[in-house]
Amino acid sequence: MRVDVISIFPEYFAPLDVSLIGKARERGILDVRLHQLRDHAHDVHRTVDDTPYGGGPGMVMKPEPWGEALDEVLAADPTAPPRMIVPTPSGVPFTQKLAMEYAAEPWLLFTPARYEGIDSRVMAEYGARMRVDEVSIGDYVLAGGEVAVLVMIEAIGRLLPGVLGNVHSAVDDSFAPGAMENLLEGPVYTKPPEWRGHEVPEILLSGHHGRIARWRRDQALRRTARNRPELLAALAPQSLDKHDRQL
Ligand code: ADE
């Protein structure tokens, strides 16, 4: 997968050299290309922002540098444009479902903004040529979209074939599709069986696969009820079995 990122802080993306994503890049599974937006601002100060029309606080990112930077990236393949993702707290929620959708794309283009965001005409212009999604990683406001892009690249990158060592790891995730869809993953344990007086639940040592699966589902349901009651309330009744309903 190719991923382009245009930002005034390309150095924010240093963590992409590390760990799982760093390895995926070394192995050629993920091809990340960083671009400096200011290279496309041509005044002496390399200005990328200006005051908002209509007044109000803060600054808005000017359309011209974005247009020039985007045209340059898009020129790499004029026949098949990337999916453009604009991080903004006003966007649609980034979910595991969206991460999976993006993981199936051959080419993504992220445009993290600083200040109050990008002049809306940029999204109108490119939205007429390709898919442009405005996406939020949560109901809080970051100082800029760079960290949101890191979050999305990590969530998408680990879903690419060959990135996770164990192919089953992504299958058991909270939010992953399947029987446990929309349930939070329950607690996990490893050796030793006893640590500072805390014991690993005996059932997990029993080797009884059916009973362990049942126990894990109970734990997932309880944790979801406690931490995310709205997820439990939204579950389709037919996705709950008789035992679930007794909990
Ligand atoms: N930029 C600032 N806050 C953001 C958020 N919550 N999600 C995506 N991009 C952002």
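Residues numbered from 1 in each chain as written. Predicted model: local features only at pLDDT ≥ 70, side-chain atom pairs only at ≥ 80, totals over all residues. Heavy atoms only, no water.

J.: Quick one: what's the story with the packing of aromatic side chains, residue by residue and with numbers?
T.: Under the criterion given, the structure shown has two aromatic pairs. Relative to Tyr12, the ring of Phe9 has its centre 6.1 Å away and its plane inclined at 55°; by these criteria the two rings are tilted. Considering the side-chain rings of Phe94 and Tyr102, the 6.5 Å spacing of their centres and the 15° angle between planes classify their relative orientation as stacked. A relative accessible area of 0% places Tyr102 in the buried class. (Phe/Tyr/Trp six-rings, centres within 6.5 Å; stacked < 30°, edge-to-face > 60°. Buried < 20%, exposed > 50% of the residue type's maximum accessible area, 1.4 Å probe, protein only.)

J.: Summarise the pairing of strand S5 (residues 83–93); cite the residues concerned and give the values.
T.: Relative to strand S6 (residues 107–110), S5 runs parallel, the two being bridged by three bridges. Its bridge partner being in S6, Ile85 is matched across the sheet by Phe110. With six bridges joining them, S5 and strand S7 (residues 132–136) adopt parallel strand pairing. Each residue of the ladder has a partner; that of Ile85, found in S7, is Asp133. (Pairing = 2+ DSSP bridges. Helix = DSSP H or I, 4+ residues; strand = E, 2+ residues; numbered from the N terminus.)

J.: Tell me about the site of the ligand, and please be specific about residues and values.
T.: Near the ligand you find Pro87, Thr88, Pro89, Val135, Ser136, Ile137, Gly138, Tyr140, Val141, Leu142, Gly144 and Ala148, and these make up its full shell. A distance of 3.0 Å is found between a nitrogen atom of the ligand and a backbone nitrogen or oxygen belonging to Ile137. Contact distances for the ligand include 3.1 Å between a nitrogen atom and a backbone N or O atom of Gly138. Considered on its own, the ligand offers 260 Å² of accessible surface; in the complex 96% of this is hidden by protein. Counting atoms within 2 Å of the grid points, the majority share of the ligand lands in the second largest pocket. For the shell around the ligand, the secondary structure elements donating two or more residues are S5 and S7. The element contributing the most residues to the shell around the ligand is S5, with three residues. Among the residues making up the shell around the ligand, the classes are represented as eight nonpolar, four polar and no charged. (Near = heavy atom within 4 Å. Polar contact = N/O pair within 3.5 Å; in protein donor to acceptor, adjacent residues only side chain to side chain. Areas by Shrake-Rupley, 256 points an atom, 1.4 Å probe, with all protein chains shown as cover. 1 Å grid on protein atoms, 1.4 Å probe; cavity = no way out; pocket = protein on both sides within 12 Å on 5 of 7 lines; lining within 4 Å. Sits in = over half its atoms within 2 Å of the grid points. Nonpolar A, V, L, I, M, F, W, Y, C, P; charged D, E, K, R; others polar.)

J.: Please set out the environment of Leu108 residue by residue, giving values where relevant.
T.: Position of Leu108 among the secondary structure elements: in strand S6. By relative accessible area, which is 1% here, Leu108 ends up buried. Filtering out sequence-adjacent residues up to four positions away, Leu108 remains in contact with Met1, Arg2, Val3, Asp4, Pro82, Arg83, Ile85, Tyr102 and Ile156. (Contact = heavy atoms within 4.5 Å.)

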